[in-house]
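Chain by chain, the residues:
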Amino acid sequence: MITTINKDILTVDKGVIVHSVNCIGAVGGLAGAIARKWPENAKKYREYVEHQKSSIMLLGSVFEVNVAHNLFVANLFGQYNIGMSKQQTEYSALISGFKKIADTFFYGNDTEDLYCGALGYESVSITLNDVYIPYRIGCGLGRADWEKVQDILHQIFENSHKNVYICKHE
């Protein structure tokens, strides 16, 4: 089930926070705010990008970082580059990333063993019930169309048995 709530995504303290990132390791917008709140996420995200042979291959993938007890940040590679001259968010990358998140966090057992990247980070076993996605994910600096992104979210998450919250902070 998908529910839109009035909540600052940076105040989430349990579950999975999903946000869209680029494949070059730059942080701005919400990614910048997450980097300031949880610097370990930005550090591991940048290391992960730097260790890729071909960063374009990251599109549509997800890199999870355990930032606090029972709290993960899912860095969804939704755009390759940055810039405001054109749309950077790629819908196909969002679809792939959201499907990976749905498969990882929803389908199967409630307790998931997550391997946080290919850099030797430890596996962590947690119970996941809630996923938080920012309102207009990929639409700010990435310039995607929110109506299209909403359609994607509903197609992928509408029939899940867990809670998906769209955080719209007003």
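Cut-offs applied
Residues numbered from 1 in each chain as written. Predicted model: local features only at pLDDT ≥ 70, side-chain atom pairs only at ≥ 80, totals over all residues. Heavy atoms only, no water. Helix = DSSP H or I, 4+ residues; strand = E, 2+ residues; numbered from the N terminus. Expected span 1.5 Å × (residues − 1). Polar contact = N/O pair within 3.5 Å; in protein donor to acceptor, adjacent residues only side chain to side chain. Buried < 20%, exposed > 50% of the residue type's maximum accessible area, 1.4 Å probe, protein only. Pairing = 2+ DSSP bridges. Phe/Tyr/Trp six-rings, centres within 6.5 Å; stacked < 30°, edge-to-face > 60°.

Caption draft 1: Helix H4 (residues 146–157), seen in detail. Between its first and last C-alpha, H4 extends 16 Å over twelve residues, near the 16 Å set by a 1.5 Å rise per residue. Its side-chain oxygen placed 2.8 Å from the backbone nitrogen of Glu 147, Asp 145 serves as the N-cap of H4.

Caption draft 2: Examining the pairing of strand E4 (residues 71–79) more closely. Of all nine residues in E4, nine are buried; the element is thus mostly enclosed. Of the pairings in the sheet, the one linking strand E2 (residues 15–22) to E4 comprises eight bridges and is parallel in character. Bridge assignment links Asn 22 to a residue of E4, and that residue is Gln 79. Note that strand E3 (residues 62–68) and E4 share six bridges and pair antiparallel. From the neighbouring strand, Glu 64 faces E4, where its bridge partner is Ala 74. Where E3 folds back on E4, the antiparallel hairpin that results is connected by two residues, among which Asn 70 adopts a positive phi of roughly 60°.

Caption draft 3: Structural view of the packing of aromatic side chains. Counting across every chain of the model gives six aromatic pairs. Ring centres of Tyr 48 and Phe 77 lie 6.2 Å apart, and the angle between their planes is 35°; on these two criteria the pair is classed as tilted. One end of the pair, Tyr 48, is in helix H2 (residues 39–50); the other, Phe 77, is in strand E4, with 29 residues separating them in the sequence. Measuring from ring centre to ring centre gives 5.2 Å for Tyr 132 and Tyr 165, while their planes differ by 20°; the resulting arrangement is stacked. Placement of Tyr 132 in strand E7 (residues 130–134) and of Tyr 165 in strand E8 (residues 163–167) is noted, with a sequence separation of 33 residues between them. On the basis of relative accessible area, Tyr 132 is assigned to the buried category, the value being 9%. Exposure remark for Tyr 165: the relative accessible area of 19% places this residue in the buried category. Counting every residue linked through ring pairs, the aromatic cluster contains Tyr 45, Tyr 48, Phe 63 and Phe 77.

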